[in-house]
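# Architecture at a glance
Below, each chain spelled out in residue letters.
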2 protein chains.
Amino acid sequence: MVLGRLNHVAIAVPDARAAAAQYRDTLGATVSDLVEQPDHGVSTVFIELPNTKIELLEPLGDASPIAKFLEKNAEGGIHHVCYEVGDIHAARDKLLAEGARILGDGEPKIGAHGKPVLFLHPKDFCGTLIELEQA
Amino acid sequence: MVLGRLNHVAIAVPDARAAAAQYRDTLGATVSDLVEQPDHGVSTVFIELPNTKIELLEPLGDASPIAKFLEKNAEGGIHHVCYEVGDIHAARDKLLAEGARILGDGEPKIGAHGKPVLFLHPKDFCGTLIELEQA
């Protein structure tokens, strides 16, 4: 397993359109339109940087995976980092062999970008929620 | 002001050598040696990714700027994101004109990479601590 590019940094926010306007107007960033992703319980806006992107996440629906995070962090906050890997099943097997925990049932799921992803337990990685995405 | 590259994501950790070993051995990342930066109250390890880097921060000395964060997040956590800008004084003036708050006295300081930096108030940016570094 070789850790690849930083695919994105995800920031959970209560209002993704307002956050996107701030990144565009105050910070001078290029931002996408908002896209509702009901299968993932979030609406997303991407901030395109020259070398990677920031993903703004707003809760969508009654069972959003970021609802609890925003209860604890009402203004928002950095939610996770996503690293690319070449083979997500090989990465999963290596991580399990090292004693790291995969969230959910341990099987890669299709993520918000249409590619297989896994989430690693933050307690195993210094309090950081890590997403791995097959590049 | 145009938001440039994501220079780094900073992760505060109680033990940077242990965290670096985990990134190297479990995740397959390239990591630097630990460097003590007494002027900044931190020891740093850089994780080199193909497109950006992760900065592991461990408190150093009695007045570390990350001590409070680690009191609240004992296992560690994502501390800030750092974006590059072309002219930090122009960026500062634009931000102040838009009503954003600069931490400290508002003057750029020489950061841990030897370049001028500013930190923006997290309450103005969705709970995210943003560092701007002159590229």
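Residues numbered from 1 in each chain as written. Chains lettered and ligands numbered in written order. Predicted model: local features only at pLDDT ≥ 70, side-chain atom pairs only at ≥ 80, totals over all residues. Heavy atoms only, no water.

Before going further, it helps to examine the overall build of chain A. Helix and strand counts for chain A stand at 3 helices and 9 strands. Taken over C-alpha atoms, the radius of gyration comes to 15 Å for chain A, in line with the 14 Å a tight globule of 135 residues would show. Overall, chain A is about 45 × 35 × 25 Å in size when its C-alpha atoms are taken along their principal axes. Here chain A holds 135 residues, and 51% of them are scored as buried. (Helix = DSSP H or I, 4+ residues; strand = E, 2+ residues; numbered from the N terminus. Rg over C-alpha atoms; globule rule 2.2 N^0.38 Å. Buried < 20%, exposed > 50% of the residue type's maximum accessible area, 1.4 Å probe, protein only.)

Glancing now at the nonpolar core. Soluble, globular proteins show a tendency: their nonpolar side chains are buried together. Residues Val9, Tyr83 and Leu132 of chain A together with Tyr83 and Leu132 of chain B are the most contacted members of the largest nonpolar core, which totals 64 residues. The contact partners of Leu132 of chain A, leaving out residues within four places of it in the chain, are Met1, Leu3, Tyr83, Val85, Ile88, Ala91, Leu95, Pro116, Val117, Leu118 and Leu120 of chain A. (Core = buried A, V, L, I, M, F, W, Y, C linked by side-chain atoms within 4.5 Å. Contact = heavy atoms within 4.5 Å.)

The next point concerns unusual backbone geometry. All names here are of chain A. Even without being a glycine, Cys126 presents a positive backbone phi close to 55°. The residue Cys126 is located in the loop between strand 8 (116-120) and strand 9 (130-134) in this model. Accessibility expressed as a relative area gives 16% for Cys126, which makes it buried.

Right, let's get into the relation of the copies chain A and chain B. When chain A is fitted to chain B, the best match, at an RMSD of 0.0 Å, comes from turning it 180° and sliding it 0.0 Å along the axis. Expressed as an axis order, the relation between the two copies is that of a two-fold axis. If distances are taken from each C-alpha of chain A to the rotation axis, the shortest is found for Asn51 of chain A, at 3.0 Å. (Least-squares fit on C-alpha atoms with pLDDT ≥ 70 in both.)

Here we come to the packing of aromatic side chains. Tallied over the full model, the rule gives 2 aromatic pairs over all chains. Look at Tyr23 of chain A and Tyr83 of chain B: their rings are 6.1 Å apart centre to centre, the planes differ by 90°, and that puts the pair in the edge-to-face class. You can see Tyr23 of chain A sitting in helix 1 (residues 16-25) and its partner Tyr83 of chain B sitting in strand 6 (residues 77-85), one on each of two chains. A residue is classified by how much of its surface remains accessible, and Tyr23 of chain A, at 2% relative accessible area, is buried. When the ring centre of Phe46 of chain A is taken as reference, the NZ or CZ atom of Lys53 of chain A above it lies at 5.7 Å. (Phe/Tyr/Trp six-rings, centres within 6.5 Å; stacked < 30°, edge-to-face > 60°. Lys NZ or Arg CZ within 6 Å of the ring centre and 35° of its normal.)

The next thing to look at is the UniProt feature "domain: VOC" (unreviewed entry) in chain A. The sites that UniProt annotates as "domain: VOC" (unreviewed entry) are residues 5-135 of chain A. The span residues 5-135 of chain A carries 20% helix and 36% strand; its end-to-end C-alpha distance comes to 9 Å. (UniProt positions renumbered as here; feature names shortened; annotations may be inferred.)

The next point concerns the pairing of strand 4 (residues 42-48) of chain B. All names here are of chain B. In terms of burial, strand 4 is a largely internal element, 6 of the 7 residues being buried. Pairing of strand 2 (residues 30-31) with strand 4, which is carried by 2 bridges, proceeds in the antiparallel orientation. Directly across from Thr30, in strand 4, lies its bridge partner Glu48. Here strand 3 (residues 35-37) runs beside strand 4; their pairing, made up of 3 bridges, is antiparallel. Across the sheet, residue Val35 finds its bridge partner in strand 4, namely Thr44. From the end of strand 3 to the start of strand 4, which pair antiparallel, there are 4 residues, and Gly41 there has a positive phi angle of about 70°. In sequence, strand 4 turns back onto strand 5 (residues 53-59) through a hairpin of 4 residues. (Pairing = 2+ DSSP bridges.)

Attention now moves to helix 1 of chain A. Along helix 1 of chain A, the positions that sit buried rather than exposed are Ala16, Ala19, Ala20 and Tyr23 of chain A. Looking straight down helix 1 of chain A, one finds that the buried residues subtend no more than 100° of arc, so they occupy a single side. The inward-facing, buried residues of helix 1 of chain A contact strand 1 (6-12), strand 2 (30-31), strand 4 (42-48) and strand 5 (53-59) of chain A together with strand 6 and strand 9 (130-134) of chain B. Where helix 1 of chain A begins, the capping side chain belongs to Asp15 of chain A, and its oxygen is found 3.1 Å from the backbone nitrogen of Arg17 of chain A. (Arc of directions from axis to C-beta. Polar contact = N/O pair within 3.5 Å; in protein donor to acceptor, adjacent residues only side chain to side chain.)

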